[in-house]
Amino acid sequence: MNAILYPVAANPEEAFARPKGRAAREREAKDIGGGPVRFVTEPTGPGFASRQAALDAYAGRLDDPRPGRSVTLAPEDHYCSLAERIEGASPPEPVEPAFARGRRWPKQPAVRGKTVVRLMISYWRLADEQAEQDAEQARAMRRRAEAAALDAAQLRALARQPLRPVKPQQPLDAGLFEMPAPEAPHILIPDE
């Protein structure tokens, strides 16, 4: 089975048009990019009114399920897909529980906005290691008064960053009647 070779690039447009190279694994992507990378899936290109219009625009780059239009892509070329998105709609307001007429939550408001089909590309994005180290952890930020003033983009950035330990992990504390298992020294078993 062939692995998918994902593009290595700084942004989705570059990944689609002219990537620095392709890699299946993070280690290979780091070698190509010359630094840290992060695997992401992001939208690129314009929004299309229908799935067929998007398939026509990206002919040869996507599998076309319509009869007579099948394009045989190599297994390593399956890093693009189509996804429906709602554009121009504001996020729904939070609702309070209603507890009315046997229902807990009120009826969901209708989504207002135009549905478009966008090309989603999965790729190895070049990351800035220093910026990741300087970013504040979500667990520390949520305790501050400024946390309520964060916008949606800042909250998403906090949620997507990897967790880092506050301090090094302490070694196992073996009690008087415990001993490490001979076949698995990281597990303590009672000894009596």
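Caption draft 1: Up close: the overall build of the protein chain. Scanning the protein chain from N- to C-terminus turns up 6 helices and 7 strands. Traced from its N-terminal end to its C-terminal end, the protein chain shows the element sequence β-α-β-α-β-α-β-β-α-α-α-β-β. Counting all 192 residues of the protein chain, 23% fall into the buried class. Intrachain contacts of the protein chain at a sequence separation of at least 6 include 61% that bridge at least 24 residues. Total accessible area on the protein chain is roughly 14,400 Å²; 53% of this is exposed by carbon and sulfur atoms.

Caption draft 2: Fine view of the pairing of strand β5 (residues 114–126). For strand β1 (residues 6–9) and β5, the ladder comprises 2 bridges, and the chain directions are parallel. Bridging from a neighbouring strand, valine 8 pairs with tryptophan 124 of β5. Across 9 bridges, strand β3 (residues 37–48) lies against β5 in antiparallel orientation. Residue pairing across strands places threonine 44 opposite leucine 119, the latter belonging to β5. Sheet topology places strand β4 (residues 80–87) next to β5; 8 bridges connect them, and they run antiparallel.

What counts, and at which threshold
- Residues numbered from 1 in each chain as written.
- Predicted model: local features only at pLDDT ≥ 70, side-chain atom pairs only at ≥ 80, totals over all residues.
- Heavy atoms only, no water.
- Helix = DSSP H or I, 4+ residues; strand = E, 2+ residues; numbered from the N terminus.
- Buried < 20%, exposed > 50% of the residue type's maximum accessible area, 1.4 Å probe, protein only.
- Contact = heavy atoms within 4.5 Å.
- Areas by Shrake-Rupley, 256 points an atom, 1.4 Å probe, with all protein chains shown as cover.
- Pairing = 2+ DSSP bridges.

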